[in-house]
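For reference, the chains in residue letters:
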Amino acid sequence: LSIGKRKQKVTITPVLRVLKLKKMEEIIADIALAKEWKTVELITEGWSSDKKYYVEDNSGRQYLLRISKGESYKEERLLYDSLKKLNEIDLPVSRLLDSGLCNNGKNTFRLFSWVEGVELQKIIGELSKKEQYDYGYDSGKILSKIHKIESTSNIGSWKERYHQKIDEKHSSNKHCQPIQNNQLH
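Remember, it's a predicted structure, so these values are computed and weren't measured experimentally.

**Here we look at the environment of Arg61**
- By secondary structure assignment, the location of Arg61 is in the loop between β3 (51-57) and β4 (62-69).
- The contact partners of Arg61, leaving out residues within four places of it in the chain, are Val55 and Glu56.
- For Arg61, the side chain forms a polar contact with the side chain of Tyr63, separated by 3.3 Å.

**Some words on the pairing of β4**
- The buried fraction of β4 is high, at six of eight residues.
- One ladder, built from six bridges, connects β3 with β4; its direction is antiparallel. Note that in β4 the partner of Tyr53 across the bridge is Leu65.
- Where β3 folds back onto β4 in an antiparallel hairpin, the turn is made up of four residues, including Gly60, whose phi is positive at roughly 90 degrees.
- Both β4 and strand β6 (residues 107-113) contribute to a ladder of seven bridges, which runs antiparallel. The partner of Arg66 across the bridge, within β6, is Arg110.

**A short note on the packing of aromatic side chains**
- Per the stated rule, a full pass over the model turns up two aromatic pairs.
- Ring geometry for Tyr54 against Trp114: centres 4.8 Å apart, planes inclined by 80 degrees, an arrangement best described as edge-to-face. Linking Tyr54 in strand β3 with Trp114 in the loop between β6 and α3 (120-123), this pair joins segments that are 60 residues apart in sequence.
- On the numbers, 6.1 Å between centres and 20 degrees between planes, the contact of Tyr133 with Tyr137 is stacked. With a gap of four residues between them, Tyr133 and Tyr137 both fall in helix α4 (residues 129-147), about one helical turn apart.

**Looking at the pattern of salt bridges**
- Across all of its chains, the model carries eight salt bridges by this definition.
- For Lys23, the salt bridge identified is with Glu26, shortest N-O distance 4.0 Å. Taken as a pair, Lys23 and Glu26 lie in helix α1 (residues 14-28) at a separation of three residues, close to a single helical turn.
- In this structure Lys23 comes out as partly exposed when scored by relative accessible area, which is 41%.
- What emerges from the salt-bridge pattern is a single network uniting Glu45, Glu119 and Lys122.

**Some details on the nonpolar core**
- Ranked by internal contacts, the top residues of the largest apolar core, which has 16 residues, are Ile28, Ile31, Trp37, Tyr53, Leu65 and Ile67.
- Of all the elements in the fold, those that place two or more residues in this core are α1, β2 (37-43), β3, β4 and β6.
- By size, the runner-up hydrophobic cluster in this structure holds 10 residues, among which are Ile43, Leu64, Leu96 and Ile149.

**As for the confidence of the model for the chain**
- When pLDDT is averaged along the chain, the result is 76; 67% of the residues meet or exceed 70.
- Note that pLDDT drops below 50 for residues 1-5; the model gives that stretch 22 contacts with residues more than four away or on any other chain.
- For the stretch residues 7-19, pLDDT sits under 50, and the model shows six contacts to residues farther than four places along the chain or on other chains.

Conventions and cut-offs
- Residues numbered from 1 in each chain as written.
- Predicted model: local features only at pLDDT ≥ 70, side-chain atom pairs only at ≥ 80, totals over all residues.
- Heavy atoms only, no water.
- Helix = DSSP H or I, 4+ residues; strand = E, 2+ residues; numbered from the N terminus.
- Contact = heavy atoms within 4.5 Å.
- Polar contact = N/O pair within 3.5 Å; in protein donor to acceptor, adjacent residues only side chain to side chain.
- Buried < 20%, exposed > 50% of the residue type's maximum accessible area, 1.4 Å probe, protein only.
- Pairing = 2+ DSSP bridges.
- Phe/Tyr/Trp six-rings, centres within 6.5 Å; stacked < 30°, edge-to-face > 60°.
- Salt bridge = Lys/Arg side-chain N within 4 Å of Asp/Glu carboxyl O.
- Core = buried A, V, L, I, M, F, W, Y, C linked by side-chain atoms within 4.5 Å.
- pLDDT = per-residue confidence, 0-100.

What follows is the structure, given as structure tokens:
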């Protein structure tokens, strides 16, 4: 099992690498498929508080592993039930493969199929206006199908959760200084 950060060069001393490897092996020991994994790389992109990892097994299959705090297992189970409904719809999204407790019950995990791609916000400026429009339109059609799925969770509507996430991001950036035009060059 190798560990690292996805698409980032990281220099880790051998002692630190062993400590991180042992901790990661402890966290994932309860996940049945983990015995077949050869690579687990931290993904630093995204808004969620989950720890996200790119995983590759000994056969070359790729996965997305999300690990959350274990105190919300009941909510995780409801989320799992909702996400399983996505598997029944023909959409170009990751498929939920497994979910449960790990790290001796201290964390929950969700294991998804891996969808290769590039984060759109990183390349959107390189696309033509038509391509940007097409991606936006296609994304809207996909999201429309996703939002039609009835949630079994009581965690609030998508709109409520989205606004809560935006408010959290806004609060965390409150103390940042604005960038002046002459600082952009």
